[in-house]
Amino acid sequence: MQSPNNPVSDAIKSSLSVSVRADAKGLVGFANTGYNGITVLEQSYWTSFYMMGEYAGAVVLRLIGTNNDNVYASRNITVRSTSSRWSKYETKFDARASDVAENEWQLLFDATVARGHPMRFGLVQLFPPTYKNRVNGLRNDIAQPIADLKPKFLRFPGDKANCAGDWHYPNTDALGLDEYLWWCEDMNMVPVLSVWDGKSYGGIVSGDDMQPYLVDILNELEYLVGPSSSYYGSLRARNGRQEPWSIQYIEIGNEDDYSGGCDTYPDRLVQIYDTIHNAYPNMTLIANNMEEMCLPENPLPGLWHDYHYYRNADDLAAMFNYWDNHDRNDKVLVGEYGCRNDSNPDGIYWSFVQGSCAEAVHMIGLERNSDVVMMAAYAPLLQHFGYTQWSPTLLGFDSRPNSLTLSTSYYVNRMFSTNQGSYVHRVHSTADFGPLYWVATSNATAYQVKLANYGHTNQTVNILVPGVGRGILEMISGPKDASNRPGDAKIVPVLSNITHSRAGFTVHMPPFGVAVLVVIFRGEGL
């Protein structure tokens, strides 16, 4: 219910009102079934809630099977609640594992004590162990495979609480600026903050009407990077972060070229660019598209451009050389890319071997042009199998135990992201690109050669590198239409040692196979 009088907080206007029938006896209460159930594992859970209303006595908190009444965790706490103010209660309990998804969180109280005294409850929370033990943090079991990617940056929205999103779905305000930035810090990622540019599906704000939103952006940046003595910087400090966050990259809006915003985006872009640049001249600003008709006639100094594209497998592989002749002074963020199954463009489907190989071909092209393509990200990252509105994604899950499923595209991305070099080498080859594609890099300890066979026949390649070192080969392959479906991930990379012969390192590439050869230095270096 809406509670305009005495809400939980200025940001939380709604609460649950509970009244007990006059003839009720024993334990009564309410339940929350989560998102198509609650994952219950053998671990410790933290739970909390706010309560208002006249009640003094025991409250029972538990995790229980919805259909089988198996109690997996239970904790009794004593509360002394009044009708004059909200009180917060929190506790932990250890759970035994449930082998099904159909579980719920319950709060129960003594009906006899509660009769005649309506009660209100707000901000009910349940957390399993979180990544780095962060308060309001990420589920550890989901965050860890993201950390295993060794991601370099995170692009995230800077919308205010209770604002409409740029797309049709609402924002999840529980995951806010600080949580995103702790996430960046915990995984050693560079934050890329996207600020609202006046465009959403509710309409467009432009011209002089942009003024209050320009002030909002400056206030947001003061919160993020201002000193703790400033007004908004002091709010950040009270929220637990004394020193400023490190913010270097700001994107202005999202996909105006795809959502009818081109007519007014040049004006809105210039206003926001000038507002931020005048206050923070060293920040890198990013336009949300590359369309000429959607950008100012006069280029803005130092402005990067974001480009999003989803293609079928053949078309994405054909973008291998897309960036080869791009203006070397025009820096680009490829904020979203991925292979979509065009045989079912509106349905739910999974990453498949041929599509992931096409993504590898495309990523090899990106790496060869890393002087222009400064950042690139597969998108989307996560999906709940029961609430999917876009596919495919890198990894998915639901409330069943052991449901976390890593896609073939996840493994290709992990192979590439965990084997990055700092220098791209010129490769002397006896063959042209296609169906085999490659890129060679190195860092202080090793050479990295990435390979993708976007073809229907086996390919054999001999690779010679300066000096002789220990070779490690990682490869993923399978039938071209095969997928890792929910709870059934059979296509995974295989690691093997590979020896150097007179012909070099010989790698046999199966159809639509992707491989990374790492040669650890021994003897002469670069």
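About the criteria used
- Throughout, residues of each chain are indexed from 1 in the direction in which the sequence is written.
- Local features in a predicted model are, by the rule used here, given only for residues with pLDDT of at least 70; side-chain atom pairs are given and counted only at 80 or more, and totals for whole chains, interfaces and linings are based on all residues.
- The side-chain values count all of the structure's non-hydrogen atoms but skip hydrogen atoms and water molecules.
- We call a pair of cysteine sulfur atoms a disulfide when they lie within 2.5 Å.
- Secondary structure is summarised from DSSP: a helix means a run of H or I of at least four residues, a strand means a run of E of at least two, and numbering begins at the N terminus for each.
- Buried, partly exposed and exposed residues are distinguished by accessible area as a fraction of the type maximum, computed with a 1.4 Å probe on protein chains only: under 20%, between the cut-offs, and over 50%, respectively.
- The criterion for an aromatic pair is that two Phe, Tyr or Trp rings (for Trp, the six-membered ring) have centres within 6.5 Å, with stacked assigned to planes under 30 degrees apart, edge-to-face to planes over 60 apart and tilted to the rest.
- Counting as a charge over the ring demands two things of the Lys NZ or Arg CZ atom: a distance within 6 Å of the ring centre and an angle within 35 degrees of the ring normal.
- Side-chain atoms within 4.5 Å link the members of a nonpolar core, which is a set of buried Ala, Val, Leu, Ile, Met, Phe, Trp, Tyr and Cys residues.
- Residue contacts are defined here by distance: any two heavy atoms, one from each residue, within 4.5 Å place the two residues in contact.

(A) Examining the state of the cysteines more closely. Applying the stated rule across the entire model yields 1 disulfide. The disulfide partner of Cys262 is Cys294, and the S-S distance across this bridge is 2.4 Å. The sign of the -105° torsion about the S-S bond sets the Cys262-Cys294 disulfide as left-handed. Of the two residues, Cys262 sits in the loop between β13 (249-252) and α6 (265-279) while Cys294 sits in the loop between β14 (284-287) and β15 (304-311), which places them 32 residues apart along the sequence. As far as burial versus exposure is concerned, Cys262 and Cys294 are alike and both buried. With no disulfide partner, Cys339 has as its closest neighbouring cysteine sulfur the one in Cys357, 10 Å distant. Given the relative accessible area of 0%, Cys357 is considered buried.

(B) Structural detail: the environment of Thr112. Looking at the element boundaries, Thr112 is found in helix α1 (residues 111-114). By relative accessible area, Thr112 is classed as partly exposed at 45%. Expressed as a C-alpha distance, the spacing of Thr112 and Val20, which sit 92 residues apart in the sequence, is 8.7 Å.

(C) The packing of aromatic side chains, seen in detail. Scanning all chains against the criterion turns up 28 aromatic pairs. The interplanar angle of 25° and the centroid separation of 6.0 Å between the aromatic rings of Tyr307 and Tyr322 together place this pair among those described as stacked. You can see Tyr307 sitting in strand β15 and its partner Tyr322 sitting in the loop between α7 (313-317) and β16 (332-339), a full 15 residues away along the chain. Judged by its relative accessible area of 40%, Tyr322 falls in the partly exposed class. Through pairs of rings, three or more aromatic residues link up here, namely Phe30, Phe49, Tyr55, Tyr89, Trp105, Phe109 and Phe121. Over the ring of Trp390 we find Arg340, and its NZ or CZ is 3.7 Å from the ring centre.

(D) Here's a closer look at the nonpolar core. In terms of nonpolar packing, the biggest core is built from 45 residues, with Tyr309, Trp323, Val334, Phe416, Tyr454 and Val514 touching the most fellow members. Sort the elements by how many residues they give to this core and helix α8 (residues 353-368) lands first, with 8 residues. Leaving out residues up to four positions away in the same chain, Phe416 has contacts with Ala360, Met363, Ile364, Lys450, Val514 and Val516. Core analysis: the next-biggest nonpolar cluster, separate from the first, contains 39 residues, Tyr180, Cys184, Leu300 and Leu303 among them.

(E) Spotlight on the side chain of Gln125. Structurally, Gln125 can be placed in strand β8 (residues 119-127). Those residues within four positions of Gln125 in sequence are excluded, and the remaining contacts are Trp46, Thr47, Ser48 and Asn136.

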